[in-house]
Amino acid sequence: MDLSRCRMDIELRLESSLWVGKKRYRAVLTGWYFNWTEVDKKNRDKKTISVPVAEVIGVEEGQVEILPHKSVEDTDKDFTVFYVKRSSGGGSYGLLWRLGRTQFSCPSRVLRDQWTTHLRAALKTHSPLRPHRLLVFINPFGGKKRGRKIYHSLVAPLFELAGISSHVIVTERANQARDHILKKDLTGFDGVVCVGGDGMFSEILHGLIGRTQQEAGLSENDPTVTLEPCPLHIGIIPAGSTDCVCFATVGVIDPITSALHIIIGDSQPLDVCSVHHPSALVRYSVSLLGYGFYGDVLAESEKHRWMGPLRYDYSGAMVYLSNRSYAGVVQYLPADPLLSSPRDNTRCLSGCSVCSRSTERLFPHSADSGSLYSSHFSQFSSDSEGEWVSVEGRFRCVSLTCMSSSCPKSPLGLSPSAHLADGTGDLILVWDTHPLGFLKFLYRHTSTQDQFDLPFVEVHRVKAVRFSLPTGEEEEGDEEKGGIDEEEKAYAQDAETKSRNGSQQHLAERGEERGMTNDKKRMNPFLCGLCCSKAPSVSVWNCDGEILPFTEILCRVHGQLVRLYARGIEDGAALQSCRDRNGKCDRSH
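Numbering of residues starts from 1 in every chain and runs along the sequence as written. With the structure being a predicted model, the display of local features is reserved for residues of pLDDT at least 70 and the display and counting of side-chain atom pairs for 80 or more, all residues being used for whole-chain, interface and lining totals. As a rule here, side-chain values cover all heavy atoms of the structure and leave hydrogens and water aside.

*Asks:* Teacher, can you tell me more about the overall build of the protein here?
*Replies:* Put simply, DSSP marks the helices as runs of H or I at least four residues long and the strands as runs of E at least two long, and each gets a number from the N terminus on. Looking only at helices and strands, the protein features 17 helices and 23 strands. Burial status follows relative accessibility: with a 1.4 Å probe on protein chains alone, a residue under 20% of its type maximum counts as buried, one over 50% as exposed, and anything between as partly exposed. For the protein, the proportion of its 589 residues judged to be buried stands at 57%. Here a residue-residue contact requires only that any non-hydrogen atoms of the pair lie within 4.5 Å. Sequence separation of 24 or more characterises 74% of the internal contacts of the protein that already satisfy a separation of 6 or more. Accessible area of the protein: about 25800 Å², with a carbon and sulfur share of 52%. Only the protein chains shown count as covering a residue, and every accessible area follows the Shrake-Rupley method with a 1.4 Å probe.

Here it is in structure tokens:
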């Protein structure tokens, strides 16, 4: 491997003097890096700029500009190189990526052609995972309704520069993206891109997972089955009212940064949590699965959609003032404490060693086995042999997250040390406590204080979770639900039938119908607000911003089930340290 790499470097190596403006540079292409060093009149080296070939976006003949508007001046001796340029995202973590641009002048056209040919050859050699054809879904209604404009003005020009062809679909209804992925031919696509928020991402996630299981002959409704990892990558161009998945995997909410990650073919594995109700798949989750406070906030906010994003702050205040807690039985399957801990004060950043080791653990000898599924299945089977732990009591909230769930308002997230791809989730139990104590817990999410360092808070790293109602609460809930059990039984029976022919789309639609019916029957107890004469005995589950129709659920974490066009959050502090150490070497940052 080292010998072949050395040969590639020799074949692709090119060195000459080039001019940038009126300054002379010594430019060197080694295959893996493209460097240019300013040379003074006495032939002494000054500042060097170094760009990894893997982060070169495109090479064009002439004097070319792409953003904000494309312009081309065709000159015989000039060529323009576009590459990734980093800058601080304004916070402790996450870096903004920008399109760097340098225009070089050569002594002759022959030399110009040599440079463009060698640079393009190096791109093909050292960036084999770059996408060539993408399926793009744009949600024109999400956020501030700027999805179309963001894509066509900022993202499409970058894709064109990188030689990526796109098939663009502007969605007209909910679940259109999911249905398209489940039904249509996806041959020839390297990935699927969503231009929207967390809702659009969830549609694509459900579509890709559902289609992959159909093609593998697996039943999603079996909570014990190990799901087949999805072959297509997912790209996220943030353009929604909430972009938590993008923030937690990139570190910034910025369309250009996300587009550049897609172009260079970055690959970030991501754990996914499946949520089942007895024998039927209810939904998948990648960020927050919350019962109690977080469920009540979402349910309350549905009454105030006219307020826009402000409705979440308003509903949060209303639910906090209502001072509710709920009885429940939580059972969980602990993860191996020797591998990692939710209290170890680590951060899942780009190149995370915990996630890298988990890849080897989740997919041992995958190259030799011929099937990721077979190796993944053996790991899951051994995981299932662990001992479950059970706790019962009254909780302010019960939360499960497969990532830190960081966002601009909570930069460190619900669980700061959670990992994106280690095959586990973090279970957070907040026991019933006095209002000021719970307020302290909530406030610590907005600061760097440890929200788990409170006597009424527990956090556990887990592989699976069951939630049920205590016997007494169950009976009381039945009276309030008014016949929902029959609906749930019908839903489960229908799921059993549909799983035999793999109709995940029909099942999902049935779930939505049942969910709407259940919501009508159950909404009033949850949305009664401060005027309630009696507090509701049960809450609802908030699953990545959607209300689940069931209270009793089984959750399992599936390690590295999907891959995103991302690389995890890059450490801004490390970048500054690198700058300080290197002095004259810019390294394109």
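*Asks:* Could you clarify how one ought to interpret the packing of aromatic side chains in this entry?
*Replies:* How two aromatic rings sit relative to each other is given by the distance of their centres and the angle of their planes. Planes of paired rings set the category: under 30 degrees apart is stacked, over 60 is edge-to-face and the rest tilted, where pairs are Phe, Tyr or Trp rings (Trp by its six-membered ring) whose centres lie within 6.5 Å. The final tally for this structure, using the stated rule, is 17 aromatic pairs. Judged by centre distance (5.5 Å) and plane angle (50 degrees), the rings of Phe 34 and Trp 115 are tilted. Residue Phe 34 is found in strand 3 (residues 33-39), and its partner Trp 115 is found in helix 2 (residues 109-126); the two are separated by 81 residues along the sequence. Assessed through its relative accessible area of 0%, Phe 34 is described here as buried.

*Asks:* Just checking my understanding: could you explain the pairing of strand 10 (residues 133-138) for this structure?
*Replies:* The side chains of a regular strand alternate, first on one face of the sheet and then on the other. Among the six residues that make up strand 10, five are buried, leaving the element largely enclosed by the rest of the structure. DSSP calls a pair of strands paired once it identifies at least 2 bridges connecting them. Pairing analysis gives six bridges linking strand 10 to strand 11 (residues 165-170), with the strands arranged parallel. Considered in strand 11, the bridge of Ile 138 is made with Val 170. Note that the unit made of strand 10, helix 3 (residues 147-161) and strand 11 has a crossover that is right-handed. Here strand 10 pairs with strand 12 (residues 191-196) via five bridges, running parallel. Looking at strand 12, one finds that Leu 135 is bridged to Val 192. Handedness of a crossover: with both strands directed away from the viewer, a clockwise path from the first strand across the helix to the second marks it as right-handed.

*Asks:* Even after reading the chapter, I still don't get the layout of surface pockets, so can you show me in this structure?
*Replies:* Empty pockets left among the atoms are what a rolling probe the size of a water molecule brings to light. Quantified by volume, the second largest pocket comes out at close to 340 Å³. If you trace the second largest pocket, you find 17 residues lining it, with Leu 123, Lys 124, Arg 130, His 132 and Ala 162 closest to the centre. Of all the secondary structure elements, the ones that give two or more residues to the lining of the second largest pocket are strand 5 (56-61) and helix 2. For each structure, a 1 Å grid was placed over the protein atoms alone; sets of points admitting a 1.4 Å probe that cannot get out are labelled cavities, open sets with protein on both sides within 12 Å along at least five of seven lines are labelled pockets, and lining residues have an atom within 4 Å of a point. Grid points are joined across faces, edges and corners, and a volume is the space filled by probe spheres set on the points.

*Asks:* I tried to follow the environment of Glu 15 on my own but got confused; where do I start?
*Replies:* The residue Glu 15 is located in strand 1 (residues 14-20) in this model. The sequence separation of Glu 15 and Trp 36 amounts to 21 residues, and the corresponding C-alpha distance is 9.5 Å. Excluding residues within four positions of it along the chain, Glu 15 makes contact with Arg 26, Ala 27, Val 28 and Trp 115. We call two N or O atoms a polar contact when they sit within 3.5 Å, provided that within protein one can donate a hydrogen and the other can accept it, with sequence-adjacent residues counted only if both atoms are side-chain atoms. Within polar-contact distance, the side chain of Glu 15 engages the side chain of Arg 13 at 3.3 Å.

*Asks:* Help me understand unusual backbone geometry, please; the structure alone is not making it clear to me.
*Replies:* The residue after Leu 67, namely Pro 68, is reached through a cis peptide bond having omega 5 degrees. Relative to the helices and strands, Pro 68 is located in the loop between strand 6 (63-65) and strand 7 (71-73). Of note, the phi angle at Pro 278 is positive, near 30 degrees, even though the residue is not glycine. Within the secondary structure, Pro 278 is located in the loop between strand 14 (268-277) and strand 15 (280-285). With relative accessibility at 59%, the residue Pro 278 sits in the exposed group. In this structure, Asp 544 is a non-glycine residue whose phi angle is positive, near 50 degrees. With respect to the helices, strands and loops of the structure, Asp 544 is situated in the loop between strand 21 (541-543) and strand 22 (546-547).

*Asks:* What is the right way to read the nonpolar core from this model?
*Replies:* Nonpolar core, defined: a set of buried Ala, Val, Leu, Ile, Met, Phe, Trp, Tyr and Cys residues in which side-chain atoms within 4.5 Å join the residues together. If you look at the biggest cluster of nonpolar residues, it comprises 44 residues, and the most contacted ones within it are Phe 137, Phe 201, Ile 204, Leu 205 and Ile 209. Here this core gets six residues from one element, more than from any other, and that element is helix 5 (residues 198-216). When sequence neighbours within four positions are dropped, the list of residues in contact with Ile 204 reads Phe 137, Ala 177, Ile 181, Val 192, Val 193, Cys 194 and Ile 234. Ile 150, Tyr 151, Leu 260 and Ile 263 belong to the second largest nonpolar core, which has 29 residues in total.

*Asks:* Please explain helix 3 as it appears in this structure.
*Replies:* Counting along an α-helix, one turn takes 3.6 residues, and residues three or four places apart therefore face a common direction. Take the number of residues in a helix, subtract one, and multiply by 1.5 Å to get its expected span. With 15 residues, helix 3 should cover 21 Å at 1.5 Å per step; its first-to-last C-alpha distance of 20 Å lies within 8% of that length. By definition, a residue's bend is the angle between the axes fitted to the seven residues ending there and the seven starting there. Bending of helix 3 peaks at approximately 40 degrees at the position of Val 155, with proline Pro 157 no more than four residues after it. All of the buried residues in helix 3 are Gly 147, Ile 150, Tyr 151, Val 155, Pro 157, Leu 158, Phe 159 and Leu 161. Just downstream of helix 3, Gly 163 is the residue with a positive phi angle, here 75 degrees.

*Asks:* Explanation requested: the pattern of salt bridges in the structure shown.
*Replies:* Oppositely charged side chains are able to pair whenever their charged atoms sit close together. What counts as a salt bridge is simple: a side-chain nitrogen of Lys or Arg found within 4 Å of a carboxyl oxygen of Asp or Glu. The full count for this structure, using the stated rule, is 26 salt bridges. Linked by salt bridges that have partners in common, Glu 55, Arg 86, Asp 266, Arg 567 and Glu 570 make up one network.

*Asks:* Sorry if this is basic, but what is going on with helix 2 here?
*Replies:* For helix 2, spanning 18 residues, the distance from its first C-alpha to its last is 26 Å, which sits close to the expected 26 Å at 1.5 Å a residue. Listed in full, the buried residues belonging to helix 2 are Leu 111, Arg 112, Trp 115, Thr 116, His 118, Leu 119, Ala 122, Leu 123 and His 126. Projection of helix 2 onto a plane perpendicular to its axis shows the buried side chains occupying an angular sector of 165 degrees, all on one side. Away from its buried face, by an angle of more than 90 degrees, helix 2 presents the exposed residues Val 110, Thr 117 and Lys 124. Working note: the arc is built from the helix axis to C-beta atom directions.

*Asks:* Any chance you could explain the environment of Gly 437 here in plain terms?
*Replies:* For Gly 437, the position within the fold is in helix 13 (residues 435-444). In this structure, the C-alpha to C-alpha distance between Gly 437 and Pro 455, residues 18 residues apart in sequence, is 9.4 Å.

*Asks:* Quick question: what am I supposed to make of the packing of helix 8 (residues 293-301) against helix 9 (residues 310-322) here?
*Replies:* Angular values range over 0 to 180 degrees, each being the angle between N-to-C directions of two axes fitted as lines to C-alpha atoms, with helices fitted over their stretch in contact. For the pair helix 8 and helix 9, interaxial distance at closest approach is 8 Å and the crossing angle is 125 degrees. It follows from the interaxial angle that helix 8 and helix 9 lie oblique. Judged by the twist between their axes, the crossing of helix 8 over helix 9 is right-handed. Note on element contacts: helix 9 touches helix 8 through Arg 311, Tyr 312, Ser 315, Gly 316, Val 319 and Tyr 320, opposite Phe 293, Asp 296, Val 297, Leu 298, Glu 300 and Ser 301. Gly counts as polar in this scheme, as do all residues outside two lists: the nonpolar Ala, Val, Leu, Ile, Met, Phe, Trp, Tyr, Cys and Pro, and the charged Asp, Glu, Lys and Arg. Per-class residue counts for the contact of helix 8 with helix 9 are six nonpolar, three polar and three charged. For this classification, under 35 degrees means roughly parallel, over 145 means roughly antiparallel, 65 to 115 means roughly perpendicular, and everything else is oblique. Handedness of each helix crossing follows the sense of rotation of the near helix against the far helix: counterclockwise by less than a right angle gives left-handed, clockwise gives right-handed.

*Asks:* I would appreciate a short explanation of the packing of helix 4 (residues 176-183) against helix 5 in the present structure.
*Replies:* Helix-helix packing is characterised by the crossing angle of the two axes and by the distance between the axes. Relative orientation of the contacting elements helix 4 and helix 5 amounts to 20 degrees, with a least axis distance of 8 Å. Taken as axis vectors, helix 4 and helix 5 run roughly parallel relative to one another. Classified by chirality, the crossing of helix 5 by helix 4 is right-handed. Side by side, helix 4 and helix 5 meet where Gln 176, Ala 177, Arg 178, Ile 181, Leu 182 and Lys 183 of the first sit next to Met 200, Glu 203, Ile 204, His 206, Gly 207, Leu 208, Gly 210, Arg 211 and Gln 214 of the second. Taken together, the residues of the contact of helix 4 with helix 5 sort by class into six nonpolar, five polar and four charged.

*Asks:* What is the right way to look at the side chain of Asp 40 in this model?
*Replies:* Along the chain, Asp 40 falls in the loop between strand 3 and strand 4 (45-52). At 3.0 Å, the side chain of Asp 40 forms a polar contact with the backbone nitrogen of Lys 42. Once residues within four sequence positions are removed from consideration, Asp 40 is found in contact with Arg 24 and Lys 46.

*Asks:* What is the right way to look at the confidence of the model for the protein in this model?
*Replies:* For residues with low pLDDT, the predicted coordinates do not support detailed interpretation. Model confidence for the protein is summarised by a mean pLDDT of 84, while 80% of its residues fall at 70 or above. For every residue, the predictor reports its confidence as pLDDT, a number between 0 and 100. Counting interchain partners and residues more than four positions distant, the pLDDT-below-50 stretch residues 1-10 has six contacts.

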